[in-house]
Amino acid sequence: MTDAVQEFEAGLARLGGDVTATFEACADEQALRAANAKLVGPSGELTGLLKLMPKLPGDRRKELGQRANQVKQAIQTAFDARLAAIARALREAELSGPRIDVSLPGRAVRPGGQHPITKTIEELLDVFASLGFEISESREIELAEYNFGRLGFPPDHPATDMQDSFFVKGRTGTQVGGGGDEAVVLRTHATAIQVHEMLARKPPMAVVAAGTVYRRDDDATHSPMFHQIDGFLVDKNVSFAHLKGVLTTFLKRTFGAEVPVRFRPSYFPFVEPGGELDIGCTFCRPWVGAGSDAQRARTDACRTCKQTGWIEVLGCGSIHPVVFESCGVDPAEWSGFAWGMGIDRIAMLRHGIRDIRMLYDNDIRFLDQL
Amino acid sequence: MKASCKWLRELGGLDASADEMAARLTRAGIEVEAIERFGRGLDRVVIAEVRAKRAHPSRDKLTLVTVFDGKGTREIVCGAPNVPAPGARVVLVEVGATLPGGLAIEAREVAGVRSEGMLASEKELGIGPDHEGILVLGDDELGKPGTPIVAALDLEDEVLHLSLTPNRADCQGHLGVARELAALFGKPFAPRLTLLPSKLLSVLPEAPLGTRALPVIESGNGHSGETASLVAPVEGVPMTVPIRIPAADRCARYVGTVLQRVAMAPSPFWLRYRLHVLGQRSIDRVVDVTNLVLLELGHPIHAFDLDRLDGHRIDVRLARAGERIALLDGTERTLTEDDLVIADARGPVALAGVMGGSESAVRASTRNVLLEVAWFDPRSVRRTSRRHGIHTESSHRFERGVDPAGVALAQRRAASLLTTLADAVCAPIGVDAEARRIAHATVSLEPDYVRAAIGDPSITDTDARTILEGLGCAISPGEHSGWRVTVPTHRPDLTRAIDLVEEVARVRGYDRVPTLLLRPEPRPDAGPSRALLVRQVRRAALAAGHHEAVNFTFLSAADLSRARVSTDAVALANPLSEERSVMRTSLVPGLLANVSRAERHQRPRGRIFEIGRRYLPSAGPTGAEERLTLSLVAFGTRDEWLGEGPSVDFYDGKGAVERIFDALGLSAAAHVADALPGWLHPRRAAEVRLAGTPIGHVGEIHPDVADAHALATRPILAELDLALVLDALAARGPRQVRALPRFGAVVRDLAIVLADDVTLARVEALVRETGAPLVEDVQLFDLYRGKPIADGQKSFALRITYRDADATLTDARVDEAHGRILARAASELGAQLRG
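Fair warning: this is a prediction, and the values are worked out from it, not measured in the lab.

## What to know about the overall build of chain B
Stage number 1. Along the backbone of chain B there are 21 helices and 42 strands.
Stage number 2. At 42 Å, chain B has a C-alpha radius of gyration far larger than the 28 Å of a compact globule built from 835 residues.
Stage number 3. Reported as C-alpha extents along the three principal axes, the dimensions of chain B are approximately 135 × 90 × 60 Å.
Stage number 4. Looking at chain B as a whole, 53% of its 835 residues are labelled buried.
Stage number 5. Residue pairs in contact within chain B that sit at least 24 positions apart in sequence constitute 70% of those at least 6 positions apart.
Stage number 6. In the form shown here, chain B has an accessible surface area of approximately 36,800 Å², with 50% of it arising from carbon and sulfur atoms.
Stage number 7. Separation of charge centres in chain B, based on 103 positive and 110 negative side chains, amounts to 1 Å.

## Side note on the overall build of chain A
Stage number 1. When you go through chain A residue by residue, the secondary structure sums to 14 helices and 9 strands.
Stage number 2. Compactness check: chain A gives a C-alpha radius of gyration of 43 Å against a globular reference of 21 Å for 370 residues, more than 25% above the reference.
Stage number 3. Dimensions of chain A along its principal axes, counting C-alpha atoms only, are 130 × 55 × 45 Å.
Stage number 4. Expressed as a percentage of the 370 residues in chain A, the buried residues total 51%.
Stage number 5. For chain A, restricting intrachain contacts to residue pairs at least 6 apart in sequence, the fraction spanning at least 24 positions comes to 68%.
Stage number 6. As displayed, chain A offers around 17,000 Å² of accessible surface, 52% of which is attributable to carbon and sulfur atoms.
Stage number 7. Here chain A contributes 42 positive and 48 negative side-chain charges, whose respective centroids are spaced 8 Å apart.

## Here's the deal with the sheet that holds strand 40 (residues 775-784) of chain B
Residue and element names in this part refer to chain B.
Stage number 1. Taken together, the 4 strands give an open sheet; going across it, the order is 40-41-39-42, and neighbouring strands pair in antiparallel fashion. The two strands at the open ends of the sheet, each matched to only one other strand, are strand 40 and strand 42 (832-833).
Stage number 2. Pairing analysis gives 8 bridges linking strand 40 to strand 41 (residues 793-802), with the strands arranged antiparallel. Bridged to Gln-779 within strand 41 is Arg-799.
Stage number 3. Strands in contact with helix 20 (residues 760-771) are strand 39 (746-755), strand 40 and strand 41; relative to strand 40, the strand with the most contacts, it is inclined by about 150°.

## Regarding the interface of chain B and chain A
Stage number 1. The interface of chain B with chain A comprises 87 residues on the first partner and 93 residues on the second.
Stage number 2. For the pair chain B and chain A, the summed buried surface comes to about 7,700 Å²; carbon and sulfur atoms form 57% of the total.
Stage number 3. Between the two partners, chain B and chain A, sit 12 salt bridges.
Stage number 4. As a salt-bridge pair, Asp-218 of chain A and Arg-580 of chain B come within 3.2 Å of each other at their nearest N and O atoms.
Stage number 5. Our enumeration of links across chain B and chain A arrives at 43 residue pairs in polar contact (both at pLDDT 80 or more).
Stage number 6. Its residues assigned to classes, the side of chain B that touches chain A comprises 40 nonpolar, 20 polar and 27 charged.

## A closer look at the side chain of Thr-299 of chain A
Stage number 1. Turning to its location among the elements, Thr-299 of chain A is positioned in helix 10 (residues 293-300).
Stage number 2. Leave out the neighbours within four places in its chain, and Thr-299 of chain A touches Cys-284, Pro-286, Cys-305, Gln-307, Thr-308 and Gly-309 of chain A.

## Description of helix 12 (residues 344-351) of chain A
Stage number 1. For helix 12 of chain A, the complete set of buried residues consists of Asp-344, Ile-346, Ala-347 and Met-348 of chain A.
Stage number 2. In this fold, the buried residues of helix 12 of chain A make contact with helix 6 (116-130), strand 5 (225-235), helix 9 (240-255), strand 8 (310-319), strand 9 (335-342) and helix 13 (357-361) of chain A.

## Details of the layout of surface pockets
All names here are of chain B.
Stage number 1. Of the pockets and cavities examined, the second largest pocket occupies roughly 1,200 Å³.
Stage number 2. The set of elements that each furnish at least two residues to the lining of the second largest pocket consists of helix 17 (650-664), strand 35 (668-671), strand 36 (680-690), helix 20, strand 40 and strand 41.
Stage number 3. A per-element tally of the lining of the second largest pocket places strand 36 first, with 6 residues.
Stage number 4. Each of two domains, domain 5 (530-731) and domain 6 (746-833), supplies a minimum of three residues to the lining of the second largest pocket.

## Concerning the pattern of salt bridges
Residues and elements named next belong to chain B.
Stage number 1. In this structure the tally under the stated criterion is 106 salt bridges over all chains.
Stage number 2. We note a salt bridge from Arg-27 to Asp-511, for which the minimum N-O separation is 3.0 Å. Residue Arg-27 is located in helix 2 (residues 18-27), and its partner Asp-511 is located in the loop between helix 13 (497-508) and helix 14 (530-543); the two are separated by 484 residues in the primary sequence.
Stage number 3. Through salt bridges with shared partners, a single ionic network connects Arg-168, Asp-170, Glu-180, Arg-491, Asp-493, Glu-503 and Arg-506.

## Comments concerning the domain arrangement of chain A
Stage number 1. Once the domains are mapped, chain A shows domain 1 (2-96) and domain 2 (116-140 + 184-367).
Stage number 2. Centre-to-centre separation of domain 1 of chain A and domain 2 of chain A, based on C-alpha positions: 87 Å.

## A look at the environment of Lys-38 of chain A
Stage number 1. Locating Lys-38 of chain A in the fold gives a position in helix 3 (residues 29-40).
Stage number 2. For Lys-38 of chain A, the contacting residues outside a window of four places in its chain are Gly-44 and Glu-45 of chain A.

## Considering helix 2 of chain B
Stage number 1. Those residues of helix 2 of chain B lying buried are Ala-18, Met-21, Ala-22, Arg-24, Leu-25 and Thr-26 of chain B.
Stage number 2. For helix 2 of chain B, the secondary structure elements touched by its buried residues are strand 6 (261-265) of chain A together with helix 1 (5-12), strand 2 (31-38), strand 10 (157-163), helix 5 (174-184) and helix 13 of chain B.
Stage number 3. Downstream of helix 2 of chain B by a residue or two, Gly-29 of chain B has a phi angle that is positive, lying close to 95°.

## Quick look at the packing of helix 3 of chain A against helix 5 (residues 58-96) of chain A
Residue and element names in this part refer to chain A.
Stage number 1. The geometry of helix 3 relative to helix 5 is characterised by a closest axis approach of 10 Å and an angle of 175° between their N-to-C directions. Taken together, the axis directions place helix 3 and helix 5 in an arrangement best described as roughly antiparallel. Residues Glu-29, Leu-32, Arg-33, Asn-36, Leu-39 and Val-40 of helix 3 pack against Ile-75, Phe-79, Arg-82, Leu-83 and Ile-86 of helix 5.
Stage number 2. Partitioned by chemical class, the residues of the contact of helix 3 with helix 5 number 7 nonpolar, 1 polar and 3 charged.

## Some remarks on the nonpolar core
Residues and elements named next belong to chain B.
Stage number 1. In terms of nonpolar packing, the biggest core is built from 268 residues, with Leu-125, Tyr-254 and Phe-376 touching the most fellow members.
Stage number 2. Leaving out residues up to four positions away in the same chain, Leu-125 has contacts with Leu-42, Val-45, Val-91, Val-93, Leu-99, Pro-100, Ala-120, Leu-135 and Ile-149.
Stage number 3. Residues Ile-611, Leu-690, Ala-718 and Leu-722 belong to the second largest nonpolar core, which totals 30 residues.

## A word on the pairing of strand 6 of chain A
Stage number 1. Pairing geometry for strand 6 of chain A and strand 7 (residues 271-280) of chain A, over 5 bridges, is antiparallel. Looking at the pairing, Arg-264 of chain A lines up with Glu-276 of chain A of strand 7 of chain A.

## Let's talk about the packing of helix 6 of chain A against helix 12 of chain A
Residues and elements named next belong to chain A.
Stage number 1. One can describe the packing of helix 6 onto helix 12 by two numbers: an axis separation of 9 Å at closest approach and a directional angle of 100°. Of the possible angle classes, the one that applies to helix 6 and helix 12 is roughly perpendicular. Listed contacts from helix 12 to Pro-116, Ile-117, Lys-119, Thr-120, Glu-123 and Leu-124 of helix 6 are Asp-344, Ile-346, Ala-347, Arg-350 and His-351.
Stage number 2. Partitioned by chemical class, the residues of the contact of helix 6 with helix 12 number 5 nonpolar, 2 polar and 4 charged.

## A look at empty space enclosed by the protein
Stage number 1. Applying the stated criterion across every chain yields a total of 7 cavities of 30 Å³ or more.
Stage number 2. Each pocket or cavity is described by its volume, and for the largest cavity that value is around 510 Å³.
Stage number 3. Along the walls of the largest cavity sit 28 residues, with Ile-121, Ala-210 and Gly-211 of chain A together with Arg-538 and Ile-611 of chain B positioned nearest its centre.
Stage number 4. Taken together, the elements giving at least two residues each to the lining of the largest cavity come down to helix 6, strand 1 (134-136), strand 4 (205-214) and strand 5 of chain A together with helix 14 and strand 31 (606-617) of chain B.
Stage number 5. By residue class, the composition of the lining of the largest cavity is 12 nonpolar, 8 polar and 8 charged.

## Here we look at the packing of aromatic side chains
Any aromatic ring pair is given by two values, namely how distant the centres are and how the planes are angled relative to each other.
Residues and elements named next belong to chain A.
Stage number 1. Scanning the model with the defined rule gives 20 aromatic pairs over all chains in all.
Stage number 2. When the ring of Phe-128 is compared with that of Trp-339, the centres are 4.6 Å apart and the planes differ by 25°; the resulting orientation is stacked. With a gap of 211 residues between them, Phe-128 in helix 6 and Trp-339 in strand 9 connect regions that are remote in the sequence.
Stage number 3. Pairing Phe-148 with Phe-153 gives two aromatic rings, centres 5.2 Å apart and planes at 70°, and the pair type is edge-to-face.

## Here's the deal with unusual backbone geometry
Residue and element names in this part refer to chain B.
Stage number 1. Here the amide bond leading from Ala-772 into Pro-773 is cis, since omega sits at 0°, within 30 degrees of zero.
Stage number 2. Within the fold, Pro-773 resides in the loop between helix 20 and strand 40.
Stage number 3. The phi angle at Ala-111 is positive, at roughly 50°, despite the residue not being glycine.
Stage number 4. Its relative accessible area of 29% is what places Ala-111 among the partly exposed residues.
Stage number 5. A positive phi angle, close to 55°, is found at Asp-154, a residue other than glycine.
Stage number 6. Residue position: Asp-154 is located in the loop between helix 4 (149-152) and strand 10.

Calculation rules
- Residues numbered from 1 in each chain as written.
- Chains lettered and ligands numbered in written order.
- Predicted model: local features only at pLDDT ≥ 70, side-chain atom pairs only at ≥ 80, totals over all residues.
- Heavy atoms only, no water.
- Helix = DSSP H or I, 4+ residues; strand = E, 2+ residues; numbered from the N terminus.
- Rg over C-alpha atoms; globule rule 2.2 N^0.38 Å.
- Buried < 20%, exposed > 50% of the residue type's maximum accessible area, 1.4 Å probe, protein only.
- Contact = heavy atoms within 4.5 Å.
- Areas by Shrake-Rupley, 256 points an atom, 1.4 Å probe, with all protein chains shown as cover.
- Lys, Arg positive; Asp, Glu negative; His and termini not counted.
- Charge placed at Lys NZ, Arg CZ, Asp CG, Glu CD.
- Pairing = 2+ DSSP bridges.
- Axes fitted to C-alpha atoms, helices over the stretch in contact; angles between N-to-C directions.
- Buried area = accessible area lost by both parts, 1.4 Å probe.
- Salt bridge = Lys/Arg side-chain N within 4 Å of Asp/Glu carboxyl O.
- Polar contact = N/O pair within 3.5 Å; in protein donor to acceptor, adjacent residues only side chain to side chain.
- Nonpolar A, V, L, I, M, F, W, Y, C, P; charged D, E, K, R; others polar.
- 1 Å grid on protein atoms, 1.4 Å probe; cavity = no way out; pocket = protein on both sides within 12 Å on 5 of 7 lines; lining within 4 Å.
- Points joined across faces, edges and corners; volume = space filled by probe spheres on them.
- Domains from an automatic or database assignment.
- Parallel < 35°, antiparallel > 145°, perpendicular 65-115°, else oblique.
- Core = buried A, V, L, I, M, F, W, Y, C linked by side-chain atoms within 4.5 Å.
- Phe/Tyr/Trp six-rings, centres within 6.5 Å; stacked < 30°, edge-to-face > 60°.

Take a look at the structure:
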């Protein structure tokens, strides 16, 4: 009896000793858990001690049991504290340890590069859309009637010639080309959109369309296939001043409000009055320090604008009455304006592309840069 | 067109600088692309007189020339073969001068003899094409020894390079440009032209029957103080030539004027120089005069050797089929019945308005000339010029339209110049055959319309009237408050009121047009723009890692067959080359060319896509159907985190297609297809279906096609028709979501061994069907072939997710379903549980 009490009490005294020091001596979690198991594990000291409980006298059992519980709790508390300290030390070691090599490559699917032509078209169309124009499109293989005749090209206009435009072979294998309206051409501009839209519905309308166009030129600055954006607006009481206002706004939004715009007369069969809009050269920027020696030197060395300080960007004009008449719209009631602009050169300007062939070679080393 | 500012000033009396003229012209729509300056960089180049010449002591080809430069004499060593006799004047480049070509002149010894300068040729001075010898001044040229040649020869000039729009035929000569400048600067225009011939035949002939006489001296407009001397006609040489115009619709008027006793000789320096700055070569005095008149008046004229015109007659007629003519350019042409010719009794002597014949051309032996001044139909000249591929200064102008009222002026101007410069004696009249008269156009114009069309209420009636009258229009009262505007014949482009509106806006300057904004009325039923839908597809393809290409839409028939795409293509009637002669029927050949290019440039891996049209022959109005198409290619090795993985295969292509459609919110799936396009591997490709409808294909390139393109890799290709995709995109609503599950899922793996030809699709379908409704998802997470699995077999490891939407799943239910699946896989697919 007494032996049991003595043994129990001695055990409690041993176990209630400096548990904290024992645990402090453990360097890592594994050692700590082993030390803890020696005390409170299935074959631990405290567990063994508790097996003596039935042998203890009834009057002491409750008191000794409570003491054993206190010891157990003290061990647990010391264990938890040490475990937290070890975890913290590990975390501190991680946080102050060696850095990873952040210069190793990231792991990602790289998005592809968008082609400068489509990128430019998208951005320009967005500006027109914001000005209230609908985006449309039409066919590339076009009736000469739509590409020329209804747009007021005189029958022998050079553009209607085999020399300047691509004609499509007839289905029988014979050639339909030669200028007649029944001929089929690769469209030489995107302007036929006017014919399609005006034949399809009634004014008012404001439409812009972008697409591939074709002319029989092939040299350092001309590609036989290139791209244009064409647009037009028809409403009542539209004047030349509206054309100037809308297109100037478009150019300023596209190239920057500070870029000067120049409007000068020109000629296209389907507009009258006709004009061209130039912007200040965005490469030598002659409006920066205009008139200074530095500016003049910049412009004199500029290959982009050929030393003129200006870049032609679009042709435009009030829609010619002939076009209205050929599309069943009464020019006494309706008026409007139209414009067309080449995309390729604008794309080249924006991306610093010097050679037009780069646009269509699709060299992967070129595409990689986009 | 090139225009000499000096000439413009002489003609119009304008004193503006070249820069001022250029700025004003450009502002008015006659774009000046460049200003070329002449007579610059010739400091220390002076006139010198030859005093003596002697042979070089040791060199045969060199001459020692003593010249007087106004201050003293000096000896020059000269290598030219044409050193003139003492007394003649030459051009001396002084020591210290630098010539326009960059040659610096120093005093130096030439083969042992000291040379104090250099005697120069036209070419060395940059004032003419001649480099055969040194420039020797004629007796009629001014300049004392010592005078700088720039002053003596009046070399300073600026030449404007005009980019003329095709409507401005009137500016194809200096006279028209000077007239335009006068209007632009608000000055009256009275051209200063000498029109009086200096020598006339002393006999007044009559015009042949059916024609009229056109006097070379305009009656009632005598030039004070100037007279023409009269010279007897040459015996046997006609004074008039009968002219007939059977092709009256092709030639409105033809005036033939005889000039006798012409002196064929090189032109004087001023004439040569004038031609030189305008980019023309001097030929002889007669040809130079015809060119001068063309450049001055914009009216092409021609001189025939009168003695070589068979029968001394002119017919302006259509050629007979098969008729031949030898032309001035040395070629011989066979004519068609659509070619207008000038013919003598024997046959064609000129291609009307395009080029003269060589037989009838003036030459050194020419003594008598027939001068042609005519008005040919622009379309006729254009057709002939194009048909024969001959583009000349003459055809260029006739095509665009020459002033029909300018015929008499051109005749008189040419007669005057030929009599003064070529010493010719002019017949007092030319024979004037006028087939039809081209009337002045009249146009009704309301001044209010001008203001409304331009959008500028501040333009007054007087502003508009002043501008139109300045351009040569005559204005008289028309109906109501309007005007009746008579348009000058040199402006055939002005036919409607709107044309006159442009003139007012143009001369005032477009910079003065007000700036007004307007807002297009939005259309409620416009619907989604296809262009914006295409953009979604493009974004998705880019996001899936593909670069975008824009390839030529035309290629060669061989490109189509090499890529094994349809060769039933829309062909061009007039391609630039065989390489670009048919419209593509597929985007695949273009992408394969891109791959081939990448391989050639040591970049043999990547992903590219193109969105563009294919063109398929059809029964539509244009004979072609344009199908918007998305094509993809992946080639080379797959990307790994570090370095490269294995080569891409079918599944990379399929994955790209899936990624793109995922991004679009559409589901497209690859299906086994028996019929595959020829460019795909018959065993490693699939059909792509969108909601069950085939839209294209994806797969590995056919190895033979890869070989035909000499490719080192086996690209994975896809080509998808976008029409249905865009429709589906337009119809697709926002993505719909399901409620989240309330009960947990149980995940079980199943590893089975199967025959190689059992597809995942079959296994998955069996699992889903057998395990329904508990199977929520089936994922293949491992595919293994090889030991210990027998040949012809493979192992699939599947992860099956089970869930009951309405209750917590018990292991027993899962076990039961899993067991059922395995049993059925065993019985139906021959699957065995992998040990």
